[in-house]
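Remarks on the overall topology
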Amino acid sequence: MAGGSPGSVVPFPGGSIQGRAPLQVCFERAELGRIMDLYGRMVAAGEWRDYAMDFNRDVAVFDAFRRAAERPQMRVEKRPALRGKQGMWTLYGEHGQVLKRGHDIGGVLAPVERRLVKAV
């Protein structure tokens, strides 16, 4: 085993190691599952066809596209630096307008889920 004895935990490069700040922000498994579930339902409804993800030092971004050559129809950002202020989650519309901010991803994705109900 590279990096340790059997049964030992080896930290993942880029993650928070011994109290240091992470090298990039990423979505947790449950968060990404929630986003991808919504994306799958929107694809099934014929609303979206493509997506992109970007992970930087300050922000993790998920963009959903109707067509790959267009600007994103929806953008979800996770900015942990805003956790104590207005909430680390932000939902942007197609023209860059802020649709929703919050501390919980479910509440931030609610406007898109309501649109899905109308589309079906």
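Residues numbered from 1 in each chain as written. Predicted model: local features only at pLDDT ≥ 70, side-chain atom pairs only at ≥ 80, totals over all residues. Heavy atoms only, no water.

1. Quick look at the confidence of the model for the protein
Segments scoring low in pLDDT should not have their predicted coordinates read at a detailed level. In the predicted model, the protein carries a mean pLDDT of 83, and the fraction of residues at 70 or more is 81%. By mean pLDDT, helix 2 (residues 105-119) is the weakest element of the protein at 83, and strand 2 (residues 60-65) is the strongest at 94. (pLDDT = per-residue confidence, 0-100. Helix = DSSP H or I, 4+ residues; strand = E, 2+ residues; numbered from the N terminus.)

2. Here's the deal with the packing of aromatic side chains
All chains considered together, the criterion is met by six aromatic pairs. Ring geometry for Phe27 versus Trp89: centroids 6.1 Å apart, planes at 10°, classification stacked. One end of the pair, Phe27, is in the segment before helix 1 (29-44); the other, Trp89, is in strand 4 (residues 89-92), and 62 residues separate them in sequence. Their ring planes at 20° and their centres at 5.3 Å tell us that Tyr51 and Phe62 sit as a pair that is stacked. With Tyr51 in strand 1 (residues 50-55) and Phe62 in strand 2, the pair connects residues that are 11 residues apart, well separated along the chain. The class of Tyr51 is partly exposed, set by a relative accessible area of 34%. Pairwise contacts between aromatic rings join Tyr39, Trp48, Tyr51 and Phe62 into one cluster. (Phe/Tyr/Trp six-rings, centres within 6.5 Å; stacked < 30°, edge-to-face > 60°. Buried < 20%, exposed > 50% of the residue type's maximum accessible area, 1.4 Å probe, protein only.)

3. A few points about the pairing of strand 5 (residues 98-102)
Direction of pairing for strand 4 relative to strand 5: antiparallel, over a ladder of four bridges. Looking at the pairing, Thr90 lines up with Arg101 of strand 5. (Pairing = 2+ DSSP bridges.)

4. Concerning the side chain of Glu113
For Glu113, the position within the fold is in helix 2. For Glu113, the side chain forms a polar contact with the side chain of Arg41, separated by 3.3 Å. Other than its neighbours up to four places away in sequence, Glu113 contacts Arg34, Leu38 and Arg41. (Polar contact = N/O pair within 3.5 Å; in protein donor to acceptor, adjacent residues only side chain to side chain. Contact = heavy atoms within 4.5 Å.)

5. Looking at the pattern of salt bridges
The tally for this structure, following the rule as stated, stands at seven salt bridges. Of the charged contacts in the structure, one is a salt bridge between Asp37 and Arg41, with a shortest N-O distance of 3.3 Å. Here the residue Asp37 and the residue Arg41 both occupy positions in helix 1, the gap between them amounting to four residues, near one helical turn. Look at Arg41 and you get partly exposed, because its relative accessible area is 33%. Salt-bridge contacts for Arg41 lead to Glu113; the nearest nitrogen and oxygen are separated by 3.3 Å. Of this pair, Arg41 sits in helix 1 while Glu113 sits in helix 2, placing them 72 residues apart in sequence. (Salt bridge = Lys/Arg side-chain N within 4 Å of Asp/Glu carboxyl O.)

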